[in-house]
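# Fold and geometry: a report
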Amino acid sequence: MKVQDLFEETYFALLANKARTGLTVLGIVIGIGSVIAMISLGQGATGSIESSIQSIGSNLIIVMPSFQRGVGTQVSAGRGSAQTLKPADSDAIQEQLSLVKAVAPELSGRYQVTTKGKNTNTSIVGTTASYPSVKNVQIDIGSFISDQNVQSSSKVAVIGPTVRDDLFGENVNPVGQTIRIKKIEFKVIGLTKEKGGSGFSNQDDQIFIPLSTAQRFLAGSEYLSTINVEAIDQESMTELQAQITTLLLSRHNISNSALADFSTMNQSDIVESASSITKTLTMLLAAIAGISLIVGGIGIMNMMLTNVTERTREIGLRKAIGAKRSEINLQFLTEAVMVTFLGGIIGVLFGWLISLGVSQFGGIATKMSLSSVLLAFGVSAAIGIIFGYYPAKRAAALNPILALRYE
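Residues numbered from 1 in each chain as written. Predicted model: local features only at pLDDT ≥ 70, side-chain atom pairs only at ≥ 80, totals over all residues. Heavy atoms only, no water.

The next thing to look at is the overall build of the chain. Helix and strand content of the chain: 13 helices and 10 strands. Within the chain, buried positions represent 45% of all 407 residues. Partitioning the contacts of the chain with sequence separation of at least 6, the portion at a separation of at least 24 is 77%. For the chain, the exposed surface amounts to about 20,600 Å²; the carbon and sulfur share of it is 57%. (Helix = DSSP H or I, 4+ residues; strand = E, 2+ residues; numbered from the N terminus. Buried < 20%, exposed > 50% of the residue type's maximum accessible area, 1.4 Å probe, protein only. Contact = heavy atoms within 4.5 Å. Areas by Shrake-Rupley, 256 points an atom, 1.4 Å probe, with all protein chains shown as cover.)

Listed below in structure tokens is the structure:
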């Protein structure tokens, strides 16, 4: 049998019952489209999370306080809420460790901020002049906090775009304006560039003030909530993290690292953990969507079995004039694969349109990759072969004499 003849026979066989073929193709389209959409949604979420984590700084190690674990306990309570880190710890990390590029101590908390009849509840970050370089903060208007501001406990503030919009309105230059935090007046000296985010993780919904000012007037404490450490390069991060742990254990007179009253997080580990979670979620969504592919495959098998039954006499006639079993088998298998291949093409387009719509109107990042498209075609071809094999084999096994007598 020539290839051209094979495809011609397949074409006319599928067009013989357009409604049945169309419904079968629709099942594959829905399955493939769902898988493509779910994978693109998961990959988009992974990229968005990684980008968000990378935007807080590069080669970053975060040191947080925690309550000291008692002997025999396995879990540390209240990580990040204890008061165990001081500015002296930050200074020691900066001065004694050669792999450190910059250090930015931080004391943060949420406070009510007011100005001229407007108010907002936002995150107040007390920090130093090195914060922008460590945490990748850029100034849009004005300037950031200076070392002089920290030394003199100046009542100055640098606000994010979201805070600006809430207190002064959009596209307003806030530099020179006055805001009140805990009834204390602060002069706005700068506005940061927009970085994006939402909820409590919104990096634009923050106000930066000198660390000494936050300690003296807001918190009433000299302790830190975080020490942000930037390594000289990515290769040094693991070693620097170990050096920080050793240094702070020594400074806090703790001999057993299991009893540490602080914890460290490597930015690379955070990215890896977040990516692992989103990839697992993507696989789960794809698996759920894949159920519709199985349903579509069952639809193909049902259609092909019906075709075999309806074309029994045709099969008998073909075999009577010399058609081989392998040729009959190939004919029906080609029809099944052609249905799934057509459904795969339309399904990829359908999935792309869904992901594009979600990205445009739902505000959720999506990302289509070549691997997901190839996977879709591979799965559709496999479904055609798997679910088309039995009907094709059944057709090829028909007895030509009995098939010709079939009514």
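The discussion continues.
In this section: the pattern of salt bridges. The full count for this structure, using the stated rule, is 6 salt bridges. Measuring nitrogen to oxygen at the nearest pair gives 3.6 Å for the salt bridge that ties K86 to E222. Of this pair, K86 sits in the loop between β1 (60-65) and α3 (87-96) while E222 sits in the loop between α7 (211-219) and β9 (226-231), placing them 136 residues apart in sequence. Using a relative accessible area of 32% as the deciding quantity, one classes K86 as partly exposed. (Salt bridge = Lys/Arg side-chain N within 4 Å of Asp/Glu carboxyl O.)

Bringing α3 into the picture now. Within the span of α3, buried status applies to D89, S90, A92 and I93. Taken around the axis of α3, the buried residues stretch over an arc of 160°, which confines them to a single face. On its buried face, α3 is in contact with β2 (100-115), β9 and α8 (237-251). (Arc of directions from axis to C-beta.)

What follows is about the environment of V348. You can see V348 is positioned in helix α11 (residues 325-361). Taking relative accessible area as the criterion, V348 reaches 13% and is therefore assigned buried. Separated by 26 residues in sequence, V348 and L374 have C-alpha atoms that sit 9.7 Å apart. For V348, the contacting residues outside a window of four places in its chain are I32, I36, M368, V373, A376 and F377.

The next subject is the side chain of R164. Structurally, R164 is set in helix α6 (residues 161-167). The buried category is assigned to R164, whose relative accessible area is 12%. The contacts of R164, once residues within four sequence positions are left out, are I159, G169, E170, N171, V172, P174 and L191.

Glancing now at a nonpolar patch on the surface. Judged by side-chain polarity, L281, L284, I288, I291 and V295 come together as a nonpolar surface patch covering roughly 490 Å² of accessible area. Mapped onto the secondary structure, L284 falls in helix α9 (residues 267-310). (Patch = residues over 30% accessible without salt bridge, like charges linked within 9 Å, V, L, I, M, F, W, Y side chains within 5 Å.)

Here we come to unusual backbone geometry. For S153, which is not a glycine, the phi torsion comes out positive at approximately 50°. If you trace the backbone, S153 turns up in the loop between α5 (147-151) and β5 (156-159). For S153, a relative accessible area of 15% corresponds to the buried category.

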